[in-house]
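As a plain string of letters, each chain reads:
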Amino acid sequence: MLRLLCGVEYEIRGMENVPKQPFIIASKHQSPFETFIFMLLFRNAVFVLKRELKWIPFIGLHLMALGMIFINRSDGISSIRYIVKLAKLRVKENRNIIIFPEGTRTVVKQKTKYQSGVVALYSVLSVPVLPVALNTGLFWPKSILSMKKNPGKAVIEILPPIYPGLSKGEFLKNLKKTIEGKSSKLATRKLVLQITEKHLQ
């Protein structure tokens, strides 16, 4: 429907980087689009979600039935322990974990602190972390209710895994540099193409 009604297409890159064993998907989060597409790309995965989503009629019940991990972001360290506890169970069920390290949707090129949840999962679960960069915010603004959609091709790029063994500091630095660097390039390339197309016209 996005393609037919809004002119928004998408391209997935890097599927060859997806491990065969359970893993953590750590993704940039600019738009509702990645939430929907990840359900198709990573079958049987569970999201780490804010608790408020439980109360959405019908959708909340569906998410609970799927075993999603809901957290109260105001609980601090208690919420981290809760994430780790449930994530351990899901990995034992051979399921993958999807987390947005910034903890919220951001606009394109916005700099936001990465939260400690992804670091805790990396250090405790001892499974690969799959960084995901994207530029979806250029086409579908971060509000799920926004009617504005910009035509073009959104790119979601799955980057090489970060394997267990790094210190917490090294891991976080590596993850942020990888995701932010590639996401910035994807956004910049799109803007350059738009300027070039306008000039040619």
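Residues numbered from 1 in each chain as written. Predicted model: local features only at pLDDT ≥ 70, side-chain atom pairs only at ≥ 80, totals over all residues. Heavy atoms only, no water.

Student: Would you mind going over the sheet that holds strand E6 (residues 129-134) with me for this structure?
Tutor: Within a beta sheet, neighbouring strands are joined by backbone hydrogen bonds and run either parallel or antiparallel to one another. Ordered in space as E1-E7-E6-E2-E5-E3-E4, the seven strands form an open sheet in which the pairing is mixed. Two strands close off the open sheet at either side, each with one partner strand: strand E1 (8-13) and strand E4 (69-71). Neighbouring strand axes in the sheet, compared pairwise and without regard to direction, differ in orientation by 20° on average. Sheet analysis places E6 next to strand E7 (residues 152-158), joined by three bridges and oriented antiparallel. Across the sheet, residue Val-132 finds its bridge partner in E7, namely Ile-158. Those strands touched by helix H2 (residues 32-41) are E1, strand E2 (24-27), strand E3 (46-50), strand E5 (97-99), E6 and E7, and its axis lies near 50° from that of E1. In this fold helix H4 (residues 77-92) packs onto E3, E4 and E5, with an angle of close to 180° to the strand it touches most, E4. (Pairing = 2+ DSSP bridges. Helix = DSSP H or I, 4+ residues; strand = E, 2+ residues; numbered from the N terminus. Axes fitted to C-alpha atoms, helices over the stretch in contact; angles between N-to-C directions. Contact = heavy atoms within 4.5 Å.)

Student: Hey, could you run me through the environment of Val-91 in this one?
Tutor: Tracing the backbone shows Val-91 in helix H4. Sequence separation between Val-91 and Leu-125 is 34 residues; the distance between their C-alpha atoms is 8.1 Å. For Val-91, the residues in contact, after removing those within four places along its chain, are Pro-22, Ile-97, Leu-125 and Val-127.

Student: Sorry, what's going on with the pattern of salt bridges here?
Tutor: Oppositely charged side chains are able to pair whenever their charged atoms sit close together. Taken as a whole and assessed by the stated rule, the structure comprises six salt bridges. Glu-11 is paired through a salt bridge with Arg-13; the nearest N and O atoms lie 3.1 Å apart. Overall, the relative accessible area of 27% leaves Glu-11 in the partly exposed class. Judged by relative accessible area, which is 25%, Arg-13 ranks as partly exposed. (Salt bridge = Lys/Arg side-chain N within 4 Å of Asp/Glu carboxyl O. Buried < 20%, exposed > 50% of the residue type's maximum accessible area, 1.4 Å probe, protein only.)

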